[in-house]
Amino acid sequence: MNGTTGQTRHQDRVWSVAEHLDDVLSKIAALDPIELQLLDAQGCVLVEDITVPVALPPFDNSSMDGYAVRAADTAAADRDAPVSLTVIGDIAAGHGELPAVGPGQAARIMTGAPVPPGADAVVPVEWTDGGAGEGPAAAMRAHSAAPEDAGGEVRVHRPAAAGAHIRTRGSDVTEGEQALRAGTVLGPSQIGLLAAIGRGTVRVRPRPRVVVLSTGSELVQPGEALGPGEIHDSNSFQLTAAARAAGALAYRVGAVADDADTLRSTLEDQLIRADLLVTSGGVSVGAYDVVKETLTALSATEDDGSPLAGGTVEFRTLAMQPGKPQGFGLIGPDRIPLLALPGNPVSSYVSFELFVRPALRVLMGLPDVHRPTLRARITDGIASSPQGRRQFLRGLHDADAGTVAPVGGAGSHLIKAMAHANALIVVPEETTEVPADSEVDVVLLG
């Protein structure tokens, strides 16, 4: 069967949303793991269980600025009858050699510093006179301004129980304990934990590299003046932002004119940095639908030595609104997935949410690839929905009230309504009308 005949058959078939998504995901696999430096691994999925090599904290340390003491020495301390202790020195964070605290003694200690031998409690500086011989201190005086406070005497106004204000060794995690499980997405807190246990690198599935380009000779870069018949290119910005929000490393390519040779050369140039390609526009049945023209020709020809040779991209009609025309295939020697989305802004964004975002999450190795879907009561009825098509309407979901309200109309060009929506209202193929106060499926976007 040649490419043209196969393409014609797929044009005749109407695919359901689920069929198209299943086909896309069946041809995509998680990216191979790599070892990355910690900050480069942010947003990536861990592929190994991480155990703790050394307990955290690795030693008993002070949780307050104050004085390391023997708790028994402070038992009788009172505001009117403070206990005087001899200060034997300072212990700052990072100190290795520690003075032993004997009966009647105290060591001035800083937050995070190791608790010295002999001490079993820390008295906060606010419970003392700070060595100044006056009332309760608000803070320690700087060592450079008052070096004498590292010696002399300190008066303690309140007792401290044994163990007070001490973070014991292993109180966070113990040696050999599991710190993180494989499958964890590494955010700031997880990166911090890995650093705390001494990991400089970690094995992860990398964030997918996504190249986004839009097509259309009418498209003008935002910030530039519009000529007759021109519009600003919003799709490439919207889709690049969506890919980044989904966890990908996304690269936006400027709008490509409706010229097959230009599009082909652009795609060839981008293959080297793409784990997935996303185009918008040019996939319908018009005479200037350049994406369809270029990639259909690619599928119908033999290997001509170009970087795109041997690829196969199919263009399909889906039983959905918006987003009826869709394209999908694998191109180049590494068979890079390409999803060709329609050009209307809402059609493009809805298509991204339904097909591209799940594909990205598969590439990342995440088990849950779909947005959360729940039931909600629709506040305003939907008078008409096309028979035989699954409709996705923009909606504003109120989690507290359990309701969703349609935002804007059904038009696929109404981008303002999309910007004010936080959900998609799903109207099944067999439903042509949705009464107010009935329950509907809602796909949460935030």
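Refer to the structure presented above.
Visitor: Got a minute to help me understand the nonpolar core in this structure?
Guide: Soluble, globular proteins show a tendency: their nonpolar side chains are buried together. Formed by 41 residues in total, the largest nonpolar core has its most connected members in L276 and L360. Secondary structure elements with two or more residues in this core: α2 (17-26), β14 (209-215), α4 (235-245), β18 (276-280), β22 (336-341), α7 (345-364) and β26 (423-427). The element that contributes the greatest number of residues to this core is α7, accounting for 11 residues. With sequence-adjacent residues up to four places away left out, L276 is seen in contact with I28, R209, V210, V211, I336, P337, L339, V356, A359, L360 and L363. L213, V256, L338 and A340 belong to the second-largest nonpolar core, a separate cluster that totals 20 residues.

Visitor: Help me understand the packing of aromatic side chains in this model?
Guide: Between two aromatic rings, the relevant description is the distance of the centres plus the angle of the planes. This structure, assessed with the given rule, holds 0 aromatic pairs. Above the ring of W15, the side-chain terminus of R316 is found at 3.8 Å from the ring centroid.

Visitor: Even after reading the chapter, I still don't get the packing of α2 against α7, so can you show me in this structure?
Guide: When two helices pack together, their arrangement is captured by the angle between the axes and the distance separating the axes. The contact between α2 and α7 brings their axes to 10 Å, and the two run at 30 degrees. Here α2 is positioned roughly parallel relative to α7, judged by the angle of their axes. Handedness of the α2/α7 crossing: right-handed. Counting all contacts with α2, which are made through V17, H20, L21, V24 and L25, the residues of α7 involved are L354, F355, P358, A359 and V362. Of the residues assigned to the contact of α2 with α7, the class counts are 9 nonpolar, 1 polar and no charged.

Visitor: How should I be thinking about the sheet that holds strand β17 (residues 249-256) in this particular structure?
Guide: For sheets, the rule is that strands pair by backbone hydrogen bonds, running either parallel or antiparallel. The strand order across the open sheet formed by 7 strands is β1-β19-β21-β22-β18-β14-β17, and the pairing between neighbours is mixed. The two strands at the open ends of the sheet, each matched to only one other strand, are β1 (14-15) and β17. Pairing between β1 and strand β19 (residues 312-318): 2 bridges, direction parallel. Across the sheet, the residue bridging to W15 is L318, located in β19.

Visitor: Looking at this structure, how should I read the environment of L366?
Guide: Along the polypeptide, L366 turns up in the loop between α7 and β23 (373-378). Under the relative-accessibility criterion, L366 is labelled buried at 11%. C-alpha of L366 to C-alpha of N235: the two residues are 131 residues apart in sequence and 26 Å apart in space. Residues contacting L366, with those up to four places away along its chain left out, are V45, G183, V185 and R361.

Visitor: Help me understand the sheet that holds strand β3 (residues 45-46) in this model?
Guide: Strands sit in the order β2-β13-β3 across an open sheet of 3 strands; the sheet is antiparallel. The open sheet has two edge strands with one neighbour each: β2 (34-37) and β3. Pairing of β3 with strand β13 (residues 201-205) involves 2 bridges; the strand directions are antiparallel. Residue pairing for β13: V45 is matched across the bridge by R205.

Procedures and definitions
- Residues numbered from 1 in each chain as written.
- Predicted model: local features only at pLDDT ≥ 70, side-chain atom pairs only at ≥ 80, totals over all residues.
- Heavy atoms only, no water.
- Core = buried A, V, L, I, M, F, W, Y, C linked by side-chain atoms within 4.5 Å.
- Buried < 20%, exposed > 50% of the residue type's maximum accessible area, 1.4 Å probe, protein only.
- Helix = DSSP H or I, 4+ residues; strand = E, 2+ residues; numbered from the N terminus.
- Contact = heavy atoms within 4.5 Å.
- Phe/Tyr/Trp six-rings, centres within 6.5 Å; stacked < 30°, edge-to-face > 60°.
- Lys NZ or Arg CZ within 6 Å of the ring centre and 35° of its normal.
- Axes fitted to C-alpha atoms, helices over the stretch in contact; angles between N-to-C directions.
- Parallel < 35°, antiparallel > 145°, perpendicular 65-115°, else oblique.
- Left-handed = near helix turned anticlockwise from the far one by under 90°.
- Nonpolar A, V, L, I, M, F, W, Y, C, P; charged D, E, K, R; others polar.
- Pairing = 2+ DSSP bridges.

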